[in-house]
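Here is what each chain is made of, one letter per residue.
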Amino acid sequence: MGELLQKSREALQRYFGYKEFRPLQAEVIQSIYDGKDVLLLMPTGGGKSICYQIPALTRAGCCIVVSPLISLMKDQVEGLVANGVRAAFLNSSLSHGEQQKVGNDLYNGRLDLLYTSPEKMCSQEFYNLLKAAKINLFAIDEAHCISSWGHDFRPEYRKLTFLKKSFPQVPVIAVTATADKLTRMDIARQLHLDEPEVFVASFDRPNIFLEARPGRKKFEQIRDFVRRRPGQPGIIYCLAKKTTESLAAKLQEAGIVADSYHAGHDSLRRSSVQEDFISDRTQVICATIAFGMGIDKSNVRWVIHYNLPKNIESYYQEIGRCGRDGAAAHALLFHSFSDVMTMRSFISSEPSENSQVYLTKLDRMYEYATAAICRRKMLLNYFNEAREEDCGHCDVCKNPPEYIDGTVTAQKALSAVARCREQIGSGMLVDILRGSKGYQLVNAGYDKIKTWGAGREHNQEAWFQYINQLILQGLLEVAYDDHNKLRLTPAAKEVLFTGRKVKLVKAEVLKKRQEAKAQVKTKRERVRDDLFEHLRQLRLQISREKGVPPYIIFSDASLEEMAAMRPTTEADFANINGVGELKLREFGQTFITAIQEYLEEESRK
Ligand code: ADP
Ligand code: ZN
């Protein structure tokens, strides 16, 4: 190992309390030491920041980090300062005097990391300061913002093209969590990176348990889900603003501390909701997708999608907001056909040249939610990361589907559609099969057809699942332009008339799916028990005294490890992941005492 890499390991332990680099981190750091420009693609929570923070800390001079979100800068700097790093930020939220002080610190070599906005970067005053100070690295966070091909283009990022010309000797690292090949090339070109080393990390987030369920009785399902996770912060994404409010109200009635967040709230309200969530005062936020971009909360333990997201890219970005600390997390997706219909009508109501792409992406999303294939395999394949093996950490892997001969079931449904002359949607179809006597049904004379009541052996829930499978297998088609009526395909006629067989996934199995206990494979043991809860309360108390978010004190992952290892000496405590030198000094004794007291009490029981 090179001398610098040895130094970088020491810094990783000393400042962050981590024992090992994650995949690619050491390689990226080595490239920067070699003076190369780097383009790094890593999923949210993958550990991108360490890749520039460590070089910043191990070499003379300061690293300038360009970041688009002012709210994030403050958070990141807070986290670094809590670890004893000399970090600051410089943006328009600071007073003139404060800006002056930061500038002085930079000039006098009192900073290791300085976070700033692209606008600031491009001001003449700052340029002069950069020329006068010693800069060891430029890090461009959310680098896809520079490309108009990316999904979040920010014109002010374009001005960063000057960096490489003005500071040819300073390496640049551009990092992002989302960039297809085209955007990737565009980033390198726009920044004038000099033969950059490109690193692409796996997009897998192995600690997130993936699950999808049919969206029936959603409130009851969500309430039970949250009750089984006391004190675990989570986000529920909803499509409509009014759903966020009504859902939050119902959860509150059920005794859960919940709040809502959407663009219709004024900015004061939005920031107080966000603040309460960050400091663990509110457990659950029901929000539109606007929520979550500007926060860096590492202990979000779960994300629920109340409605189907519009595509797999958004879904993956949104679930990426849980489990950033690497501890066990859960992503639960509700799907329903009515969501697909709602979104289809959104897309069709504003036709554009991309409409067809949007519709196809929506279909892929629905397929993901309803297919009986390992979900992680589907996701990673979608992002062009070929996976052969099942993951073992999703609902499909935990409860493998049971296939049955569904020919008779399919024939009943298809025949009912035929007898109603393809004039019914799936709700009416289920009613007919189950022999309902609804007003509209009787009025249309559907109680007179031969298949009326022919499907009582399956309950309503099961029928919806079977019909859905028939759609996905291409036996039924949905006429989106005609009230979502079901139409028979040529393949359906083969099933009805020429004996074609149909394989279905048994519905009861889907329904009975148990929530599997999340297991994260980590080298170190982790537990959530009474001691964990005890330490979590202690963390909350300290965080309130200090006025910083709890996860800045210690991450959930660190608390879990403390609960498992029960360290009672300083040496053992220092061995916990996430305990660096400063935190050992500041909090070590308090936590050790709490653990000792807990153990004594336990032994008396
Ligand atoms: P990203 O910027 O890629 O979304 P971060 O850099 O914020 O991710 O890292 C995500 C989390 O992982 C942070 O809590 C960070 O401290 C932690 N982390 C990063 N590198 C390591 C490591 N080598 N060992 C343990 N935890 C790490
Ligand atoms: Zn799986």
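Residues numbered from 1 in each chain as written. Chains lettered and ligands numbered in written order. Predicted model: local features only at pLDDT ≥ 70, side-chain atom pairs only at ≥ 80, totals over all residues. Heavy atoms only, no water.

Put simply, helix α2 (residues 25–33) and helix α3 (residues 48–58) touch, their axes get as near as 9 Å, and they point 45° apart. The pairing of α2 with α3 is recorded here as oblique in orientation. Considering the relative orientation of α2 and α3, their crossing is right-handed. Contacts between α2 and α3 involve Gln 25, Val 28, Ile 29, Ile 32 and Tyr 33 from the first element and Ile 50, Cys 51, Ile 54, Pro 55 and Thr 58 from the second. Here the contact of α2 with α3 is built from residues that sort into eight nonpolar, two polar and no charged. (Axes fitted to C-alpha atoms, helices over the stretch in contact; angles between N-to-C directions. Helix = DSSP H or I, 4+ residues; strand = E, 2+ residues; numbered from the N terminus. Parallel < 35°, antiparallel > 145°, perpendicular 65-115°, else oblique. Left-handed = near helix turned anticlockwise from the far one by under 90°. Contact = heavy atoms within 4.5 Å. Nonpolar A, V, L, I, M, F, W, Y, C, P; charged D, E, K, R; others polar.)

Turning our eyes to something else, we now look at the environment of Asn 468. Secondary-structure assignment places Asn 468 in helix α22 (residues 460–472). Classification of Asn 468 as buried rests on a relative accessible area of 11%. Linking Asn 468 and Val 85, residues 383 residues apart in sequence, is a C-alpha distance of 54 Å. (Buried < 20%, exposed > 50% of the residue type's maximum accessible area, 1.4 Å probe, protein only.)

Another point: unusual backbone geometry. Phi at Lys 217 is positive, roughly 50°, even though this residue is not glycine. Positionally, Lys 217 belongs in the loop between β8 (208–214) and α11 (218–227). According to the relative accessible area criterion, Lys 217 is exposed, its value standing at 65%. One non-glycine residue, Arg 566, lies in positive phi territory at about 50°. Its location among the elements puts Arg 566 in the loop between α27 (556–565) and α28 (570–574).

Glancing now at the site of ligand 1. Not every one of the 14 residues close to ligand 1 is listed here, only the nearest: Tyr 18, Glu 20, Gly 45, Lys 48 and Ser 49. Tyr 18 places a side-chain nitrogen or oxygen 2.5 Å from an oxygen atom of ligand 1. A distance of 2.9 Å separates an oxygen atom of ligand 1 from a polar atom in the side chain of Arg 324. When the free accessible area of ligand 1 is taken as 560 Å², the share hidden by the protein chains comes to 82%. Tallying contributions element by element places α3 first for the shell around ligand 1, with three residues. For the shell around ligand 1, the per-class residue count stands at four nonpolar, six polar and four charged. (Near = heavy atom within 4 Å. Polar contact = N/O pair within 3.5 Å; in protein donor to acceptor, adjacent residues only side chain to side chain. Areas by Shrake-Rupley, 256 points an atom, 1.4 Å probe, with all protein chains shown as cover.)

At this site the zinc ion (ligand 2) is bound by Cys 374 (SG), Cys 391 (SG), Cys 394 (SG) and Cys 397 (SG), with donor distances of 2.3 to 2.4 Å. Every donor counted, the four donor atoms about the zinc ion (ligand 2) form angles of 102 to 119° at the centre, which fits tetrahedral coordination. Expressed as a motif, the donor residue spacing for the zinc ion (ligand 2) is C-x16-C-x2-C-x2-C. By relative accessible area, Cys 391 is classed as partly exposed at 22%. (Donors = N, O, S within 2.8 Å, 3.2 Å for Na, K, Ca; no water. Tetrahedral: all angles 85-135°; square planar, octahedral: opposite > 155°, others 65-115°.)

As a further point, take the domain arrangement of the protein. Annotation of the protein at the domain level lists domain 1 (2–200), domain 2 (208–398), domain 3 (403–509) and domain 4 (530–604). Here the C-alpha centroids of domain 2 and domain 3 sit 30 Å apart. In this complex, domain 2 contributes ten residues to the contact, which on the side of domain 3 involves eleven residues. Of the roughly 920 Å² buried where domain 2 meets domain 3, counting both sides, 64% is carbon and sulfur surface. Counting across the interface, domain 2 meets domain 3 through zero salt bridges. Summed over the shared surface of domain 2 and domain 3, the result is one residue pair in polar contact (both at pLDDT 80 or more). Among the elements of the structure, α15 (337–349) and α16 (355–370) are those that each provide at least two residues to the side of domain 2 that touches domain 3. (Domains from an automatic or database assignment. Buried area = accessible area lost by both parts, 1.4 Å probe. Salt bridge = Lys/Arg side-chain N within 4 Å of Asp/Glu carboxyl O.)

The next subject is the state of the cysteines. Summed over the entire model, instances satisfying the criterion amount to zero disulfides. The cysteine Cys 62 is free of any disulfide, with Cys 63 supplying the nearest cysteine sulfur at 6.7 Å. (Disulfide = S-S within 2.5 Å.)

Along the polypeptide, Arg 344 turns up in helix α15. Exposure remark for Arg 344: the relative accessible area of 12% places this residue in the buried category.

Bringing the pattern of salt bridges into the picture now. Taken as a whole and assessed by the stated rule, the structure comprises 36 salt bridges. Residues Arg 301 and Asp 325 are paired through a salt bridge, measuring 2.8 Å at the closest nitrogen-oxygen approach. A residue pair is termed long-range when its members are at least 10 positions apart, and Arg 301 in the loop between β11 (284–287) and β12 (302–305) and Asp 325 in the loop between α14 (312–319) and β13 (329–335) qualify at 24 residues. What makes Asp 325 buried here is its relative accessible area of 11%. A single salt-bridge network, built from bridges that share partners, covers Asp 280, Lys 297, Arg 301, Asp 325, Arg 528, Arg 539, Asp 556 and Glu 560.

Before going further, it helps to examine the pairing of strand β10 (residues 258–261). Looking along a regular strand, one sees the side chains alternate between the two faces of the sheet. What you see with β10 is no split at all: Ala 258 and Ser 260 on one side and Asp 259 and Tyr 261 on the other are buried throughout. Bridge count between β10 and β11: four bridges; the pairing is parallel. Within β11, the position partnered with Tyr 261 by the bridge is Ala 287. In terms of handedness, the path from β10 via helix α13 (residues 267–278) over to β11 forms a crossover that is right-handed. (Pairing = 2+ DSSP bridges. Right-handed = clockwise from strand over helix to strand, strands pointing away.)

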